[in-house]
Each structure stands twice: as C-alpha cells, then as structure tokens.
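# A look at the structure
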Number of protein chains: 2
Amino acid sequence: MAKELDFLTKRSEDYSKWYNELVVKADLAEQSDVRGCMVIKPYGYAIWEKMQRTLDDMFKETGVQNAYFPLLIPKSFLSREAEHVEGFAKECAVVTHYRLKTNETHDGVIVDPAARLEEELIIRPTSETIIWNTFKNWIHSYRDLPLLVNQWCNVMRWEMRTRLFLRTSEFLWQEGHTAHATREEAELRAQQMLKIYAQFAEEYMAVPVIQGVKSETERFAGALDTYTIEAMMQDGKALQSGTSHFLGQNFGKAFEVQFLNKENKPEYAWATSWGVSTRLMGALIMTHSDDNGLVLPPALAPIQVVIIPIGGKPEQVAAVDAAVAPVIAELKQMGISVKYDNADNKRPGFKFADYELKGVPVRLVLGARDLENGTVEIMRRDTLEKETRSLAGIAEYVKQLLDDIQKNIFAKAKAFRDARIYECNDYEDFKERVKDGGFFLCHWDGTAETEAKIKEETQATIRCVPFGIEQTPGVDMVTGKPSKARVLIARSY
Amino acid sequence: MAKELDFLTKRSEDYSKWYNELVVKADLAEQSDVRGCMVIKPYGYAIWEKMQRTLDDMFKETGVQNAYFPLLIPKSFLSREAEHVEGFAKECAVVTHYRLKTNETHDGVIVDPAARLEEELIIRPTSETIIWNTFKNWIHSYRDLPLLVNQWCNVMRWEMRTRLFLRTSEFLWQEGHTAHATREEAELRAQQMLKIYAQFAEEYMAVPVIQGVKSETERFAGALDTYTIEAMMQDGKALQSGTSHFLGQNFGKAFEVQFLNKENKPEYAWATSWGVSTRLMGALIMTHSDDNGLVLPPALAPIQVVIIPIGGKPEQVAAVDAAVAPVIAELKQMGISVKYDNADNKRPGFKFADYELKGVPVRLVLGARDLENGTVEIMRRDTLEKETRSLAGIAEYVKQLLDDIQKNIFAKAKAFRDARIYECNDYEDFKERVKDGGFFLCHWDGTAETEAKIKEETQATIRCVPFGIEQTPGVDMVTGKPSKARVLIARSY
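Anyway, here's the lowdown on the structure attached to this text. (Residues numbered from 1 in each chain as written. Chains lettered and ligands numbered in written order. Predicted model: local features only at pLDDT ≥ 70, side-chain atom pairs only at ≥ 80, totals over all residues. Heavy atoms only, no water.)

### As for the interface of chain A and chain B
- At the interface, 68 residues of chain A touch 68 residues of chain B.
- When the two sides are added together, the surface that chain A and chain B hide from each other amounts to roughly 5500 Å², 62% of it contributed by carbon and sulfur.
- The tally of links from chain A across to chain B stands at four salt bridges.
- Across the pair E49 of chain B and K60 of chain A runs a salt bridge, and its minimum N-O distance is 3.0 Å.
- Joining chain A to chain B, the criterion identifies 30 residue pairs in polar contact (both at pLDDT 80 or more).
- With six residues, helix α3 (residues 42-61) of chain A is the single largest residue contributor to the side of chain A that touches chain B.
- Class assignment for the residues of the side of chain A that touches chain B results in 38 nonpolar, 13 polar and 17 charged. (Contact = heavy atoms within 4.5 Å. Buried area = accessible area lost by both parts, 1.4 Å probe. Salt bridge = Lys/Arg side-chain N within 4 Å of Asp/Glu carboxyl O. Polar contact = N/O pair within 3.5 Å; in protein donor to acceptor, adjacent residues only side chain to side chain. Helix = DSSP H or I, 4+ residues; strand = E, 2+ residues; numbered from the N terminus. Nonpolar A, V, L, I, M, F, W, Y, C, P; charged D, E, K, R; others polar.)

So, in structure tokens, the structure goes:
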C-alpha cells in the first residue's frame, strides 16, 4: 500500500486527477460498465448512510414524513409545467417497451416489438410532476395543509461527461416536496430547509457554505426562487451542495391542486422542493482530503478510531489484544465506532497507509514497549501529528480529540475559503484572477446578458446573491450600469 | 369516519376486497397513474422504514455491508446465465433512448430518434448480473472472501395484474449478494439468511412462518437451491414472504469471477442471494388485521400509543393536557412512540375509529371524570378490550401491555395457522378441501409432472419441502409412486 500510495497524484500536480484516483483508491466508488452510472462501494456507502440518517432525523424534527413515489413518469406529465419541461425533458432515459424475447438464434434476447408502450415513460430526473399529480388527490381543504413529504431515491439525468459523485447519470438523493396554504409559509419552508442543509454541511460535514439565492438564469426549472448553499473546494472552485426551491403556484396550477381555504374558497396550493444528493460525497472529499488520502470529519466517519498492534510475534499481539479490550469497550460505550485491526496477513506499515488513505480520524498504535510503559501512540489524521500518552484515560482523550478534529477541519476549511473571497470591481482584474479560483463578490446589473457574457468570457458563473453580507449599491463591473447588490461569482463544478 | 368505516368490506364477505380497501383507507398505499406502480403513503412508509431499520441491523450483525449498484443493466448481461435469462428477461422495462425533444407543434415532447442507445438497458428486475459483473473486479484471492454485500433499492418486473404491496411492477426491497470460497460456506450463508428472515417475521412482524426449500420448478432462475419462508393469510392462502438462494458457481462462471485459493489455484466463487420486499407489508396486513382495520404489532407500529382527551370544553382539554404531560414524557423515555391527539377539529368518535383503522396498538382516553378519579381508560387494539385503570403507574402498564400484544397476536396467528395444517394422503380429498385454504402436507413423488398436474387441477402449488417436521417415506397421493418426504401444498398469493 505504501507503494500504491505513491500512485496517488498530488493535489498540486493535478487536482482533478487526484480526486478521481482518491475516490477509487479509498474504496468509495467506481465506474460501472453502464455508461455514466457508478457503483457506490461499501466504504463510500457507509459514509452516505451516516449522512442520510443525520439529515433524515433533521427533516423529521421539522415535521417531514417519508413516502415513496413511482420511478417512472409518463412523458406527458413533463409537458404540464412549461418551464419544467424545458429544464428536464431533454436528457433523460426513456422506457419504450416492457418485454424482451429470445432471438432467432436462441443465444440472446431482443426487444419484443409487440410490447411497445402506448405512452413512453421517463425515469424520474426529479419528481415534482408525479408527486403533484398525486397531491391532487391528497389535498382538498386547508386542513390537509401543510403537506410535508420527502423521499430517498435514485434519479437519472443522462450525462455525457461524468465524474464519480459529482456528475453521474444515476445518483442517489432525497427530494422534499411540500404544499402550503399561503405563499409566505411556502417561502419560509424553502428557506428553513436551506438553513438545515447549511447546518448539516457545517456541523456534520465540517464544510463551510455560503447561503444565497440564485439568479433567474440559474433557477430550478419551474421555480420562482432557488436558494443554494455553495462550498469552496481546495482548487478554489465552487460546488453547489444543496438547493431549496420556492415553486409558487406553478405546480399547483399545472396539476390542478386546489384546496378550500378557511373562507371556503378554492385556491391553488403553494409549493417547495429541496434536495441534496450523493454529490455531497464529492464536497466532503474535496474539502478536507490531502495527498495521503481522505480526511473525514469524525461525525460522518464509518470508523472513527482504528487500533493497530505492532510487534510480529503472536504472544505480543495477544498481550495487546488483552490490553486494548477494555479501551475498545469504553470507546464503544461512548458511542464511538472503533476498529481493532490485529489481522496477521498485513504489515503495520500497510495498515497505517491504508487507514490514512481511508481518512480514519484517530489511530492508536500499541507495541511491546507501550505495554511495558502503559502507553499508546496516538495519531490524528487531520494534522498527522503523533504523540505518546498514558493508556489510562485514553478513551476520554480520544473522545475530546474527535471533537477537536471536527472543529479543526471546519476551521481550516473556513480559513482557506475566507482567504479566497475577494471583493472585485474591475472586470479585467476579475478575468485574470478568476483563473486561479476563489469566490468573487462583484456588482452586477441584474441582466441575463451580462451574466452570459461573464460566463462565456471566463467560464465563471453567478453562484448566488449571498445572504448575510452587508450590501451597498454600486456599478456593474462589466457594464458600468447601476447594481443593487454584489453577487458571488466563481468557476464551479 | 364511523360512517366511512361502514364502507370497509368484511373479511367474511370478500377477503380480497377487504384487503384492497384497507390498504387505501388506512393510508398505507395507493395506485399511481403509472400502470402497476404504487405510491407508498407516509403512514405505510413509516412501517416499511421500521422493517428496514430492523432488518438492516440484523444483516450488519452478521458482517453484511450495504452498497449501491446501477439501476440499469445492459441487455446482454441477462443472457450470460442461461437459466437466469429465461426467468427474468421476459417482462421488464426497456430503456431504448436517452433524450426527448420538443414536438413540431411545440406543445409537447417526443422521443428523439437520434438518441437511440446502441445497446438497450433494462431496469433491474434483480441485480445478480450487474453485481457479479462488478465482483469480478473485487475478488482476486481467497483473502477477498467472503464478500457480503446488500443493497436497499427499487426493482421492476412488468406485471399485467397488480395488487398493492403483493404484486406491483415497481417494488422496494433489499437484495443481499455474497461470494464465498467454498460451497459449504455459501450454503450455510443462504440458510443463515433464511433464519434471519424467519426470526424477523416471527419476532417483529408476529407472523409465524414455515421454513423450507423450494422444488426445482419453483426455484429462483439460476439457483441450485431456493429456501423460503411461507406465511398463512387469514383466507388460508400461502404468502411467500422471503427467499434465500444458493446459486452455486453459476454466476461465478457466467461473469468469470475467479479467485486464487490457499493453494494458489484458480477457482470460481460460490454465490448466494436473498431478498425481502414491500410484499412483507402485505403479509403484515393480512395476518393480523380485522374488520375494523389494521392490527399492527407494537414492534413495527409507527405510533404505539395514542392518547385522546374527551370533553369538548377548552378548559377540560387543558386539564387533560396537563395531566398527561408526565405520562407522555415517561412513555417517550421508555422508547415508546406516543401521539397525543388533542386536535379540536375532529370528534373523539372519529378519532377512535381512525386510530383503530390505522392499527395503533394501545389507546388511552381521558375525560373530566377520569381526572377527578385519577383514572384512564385503556384499550388494546388486538382484542378491543377496554378497562379503566389508575393513571398512576400507567406508563409501566402500557409497556407491559405492548409486550403482551406483540406476543398475543403472534400466538393468535400461530393457532390460526396450526389449526389449518393438514396431513393429507388422498388426492380426491385434497382437491375438495384445498378450495377452503390451508396448508396440506402431502407425499409427492418428486416429479415436475405431478407438480404441474396438481397446479393445473387445483391451482395449488408446492410451497416447499418444510424443515423441522419429522419425515417418513410414503407414496405420492396423486400417482401412488414412492415418496421420500411430505411437501407443503397450498394455494398462494
């Protein structure tokens, strides 16, 4: 493994290549033989499961319930909402037949032409249409509202150029869909879910994010407002990590979802939708990891502590087995997931490199001398710092260290990002500097034309109008026209 | 609701209609506008989530890890394993195109003929092929084995006649796939997973099951042995509730999954696969429920206890609010999920009927007189028995009652089933009696011809060769030929 590790490209050499290699070498995911679709391997899936469990609890705290809606959507549903069809009906997988039959030479199968569907079905790229078509039957009175539903599922958007976790044809996600009696309530819900995403990203993933609202061009197809959280990767590019949409009455009208209000008058329901996906895995990997491999936040690490005995003789290992048993028990009792790796078919050096590659936050190593001295060597993955400590009280120390690592990697990522947020008022200056990455706060005249010009000339896009910064009017850096506020511009994934 | 409840058909009138109505009225699931695909509603999904969580923990206890494999499978993969293609390549959803485009009249979308896939893709009906195609890259040495993987996902098998939960084109399930170095280890794993399914069915679902092995005709396509758990519904029919397959080296050979054994010689890996699906919801509903609605086992009920205040005046309700607050806190601390329904827009009678319909195991009712007397009325859903008890110590009593209900509904279902298991040696007698349902233990000569004759003449099938019964040789009840063992025959879902 020490040898294999040499094959992990350095970030400074080729950041993109480093990422692609890391995802595969750390056993997170791999390409499948099905174009654009990935296999999420057990270690990668274990991280995703922790994300799911945490987010699911956070959603339920706010009254959301899970449900499940069909994978396939009738083609005609997509056309119901005019903007939505423009955004989603293009690159999607189309089911046209429901049967195969044996071929004439009896050595394979062919599509049975007799089993053609009357109406083609689309594999869901997102489920607003099928869900609002269902909500029609669930919503009659204001008493049925709010309706707060979420589903964890797979979706598919045909992609020509894919990258593991960041852009794949099939991906896993959650999509929340809510219906409300008033515009205000729906807008607040969309904002509330954005805050939950931001909280999850910062507290669990240790990824600092900027919250804001998208420009009209960058909105979800069919939304009146799209809220976003944007994270900065180590190459200075932005990664859109979660979005929450205020959909107005667009889907209510398209699917005729009306309710009787308190005055017994019919009104169209107000909608939101919001989602995060396995793309979060990409954000997690790219924010913290280094040239030795993954760095995982303790809150989401499948293995938080690994314990490795050194000293080759069986009786030495047996002595370590006995010495660490109470430590393992104590850690488990604290709710800390610990792996004791005393396998005799791999050398300690191999194990060290492998657990570093996999981002295990804390490593304990014990050899014969440690047993004599009652000590243990402890290493933290984030800084790679080692120290030798007394074995007595080590569990409590590990617990504190895990908290410290969680805070430290967030602080590190935040410092990195904050040092790369620039106010910029000069377009020539911007064009030059944006090549090196970073988030640029610039005045914008609010037109789609200027937005398109910036994108075409610099490959950077308006990520959002950020919340939480003091805004003063100014002039657009490109056109010199008046601008109400600065927007966040960056190259992105 | 009392009125609506009258619309729930009685089981004695039409068992099938009762089931269909109950699933919809209890808010478990409904048909979608997509042919054969269901919507699982929040209340139904909450039960499924509890099943998932419990099973997932049981799998992980045995070393299984979750992963995720692609939804779409290249058509040619299905042809690799000769029997598998016969079983699964027939009724499946076929993706032929990857793009839609706007139609000529600009009011809809059509399939873009230019976006035809070179090779058609199938929506997974089960994932042995894509998973073993992946395992090929994961397995090189005996050190890589056993490989124990599971995925929770959606699958699709095109069905012409569907019933909610029991038979739908799309359904949710888990599919475990394991690879082993020896035949013995794989066979033991297949049997181990069957035992876990049986344990889950009996301990959590309170559904007694018969474990056994399928006849060759009824085996999974590509398996050497299919193990099954069979449950009896209240109409005496069998419901196959979970299967575990020993696949031999069939998929190892079809996908060239070889490993170097300890002697450094190449061998094909041995396989198992095993699955349970949302069909378990059907088993749960049909085993316990009655003419008033669902009866849920406390271990899987989303709401275990409901508390309802009676007495219409606001100050009376406020007094109940105050009195039950400590009870609710105590129940929650015991890990019991409790709902306090003091909504003022529904009458108590409506609430009573609704929570009965939804199968909430225990109901507490408090009115003004109860507050004076320090009492509470407690009803258990399984027997509908009511009693009035002291409010002091009620939480502890509820906890014991929930345990008692869990045991009681299992015992009731087991007594029902055991009274309908018949040894039968006469085919004429069998033909007459099987119409009324029940499990028949009959001698069988082991031929597919006899099996087909029974099926054709009685619509009953050999469910399994049951484990755990004493077997003595005899003569086939149809042909009079020698028989080694009795098999379980029944009509089934």
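Further notes follow.
### As for the relation of the copies chain A and chain B
- Note on the identical chains: chain A maps onto chain B by a rotation of 180 degrees and an axial translation of 0.0 Å, with an RMSD of 0.0 Å. Between the two chains, the operation in question is that of a two-fold axis. Of every C-alpha in chain A, the one belonging to V95 of chain A sits nearest the axis of rotation, 2.1 Å from it.
- With an isologous cut-off of 70% or more, the 100% of interface residues of chain A that recur at the interface of chain B puts this contact in the isologous class. (Least-squares fit on C-alpha atoms with pLDDT ≥ 70 in both.)

### Considerations on the sheet that holds strand β18 (residues 338-340) of chain A
Residue and element names in this part refer to chain A.
- Read across the open sheet, the five strands follow the order β18-β17-β19-β20-β21; overall the sheet is mixed. The sheet terminates laterally at β18 and β21 (386-390), the two strands that pair on one side only. Mean inter-strand twist for the sheet, computed between neighbouring axes without regard to direction, equals 25 degrees.
- Relative to strand β20 (residues 375-380), strand β19 (residues 362-366) runs antiparallel, the two sharing four bridges. (Pairing = 2+ DSSP bridges. Axes fitted to C-alpha atoms, helices over the stretch in contact; angles between N-to-C directions.)

### A short note on the packing of aromatic side chains
- If you walk through the whole model with that rule in mind, you get 34 aromatic pairs over all chains.
- Ring centres of Y227 of chain B and F467 of chain B lie 6.1 Å apart, and the angle between their planes is 50 degrees; this geometry places the pair in the tilted category. A residue pair is termed long-range when its members are at least 10 positions apart, and Y227 of chain B in strand β12 (residues 225-232) and F467 of chain B in the loop between β24 (461-466) and β25 (474-475) qualify at 240 residues.
- These aromatic residues form a ring-pair network of at least three members: W48, F59, W152, Y197 and W274 of chain A.
- The ring of W18 of chain B carries R11 of chain B above its face, with NZ or CZ at 6.0 Å from the centroid. (Phe/Tyr/Trp six-rings, centres within 6.5 Å; stacked < 30°, edge-to-face > 60°. Lys NZ or Arg CZ within 6 Å of the ring centre and 35° of its normal.)

### Things to note about unusual backbone geometry
- Cis rather than trans, the peptide bond between L145 of chain A and P146 of chain A has omega equal to -5 degrees.
- Phi angles above zero are rare outside glycine, and D27 of chain B is one such case at about 65 degrees.
- Of note, D27 of chain B is situated in the loop between α2 (15-25) and β1 (29-31).
- Of note, the phi angle at A206 of chain B is positive, near 60 degrees, even though the residue is not glycine.
- Summarising the element assignment, A206 of chain B is placed in the loop between α7 (183-203) and β11 (209-213).

Limitation: the analysis is restricted to geometry and does not speak to function.
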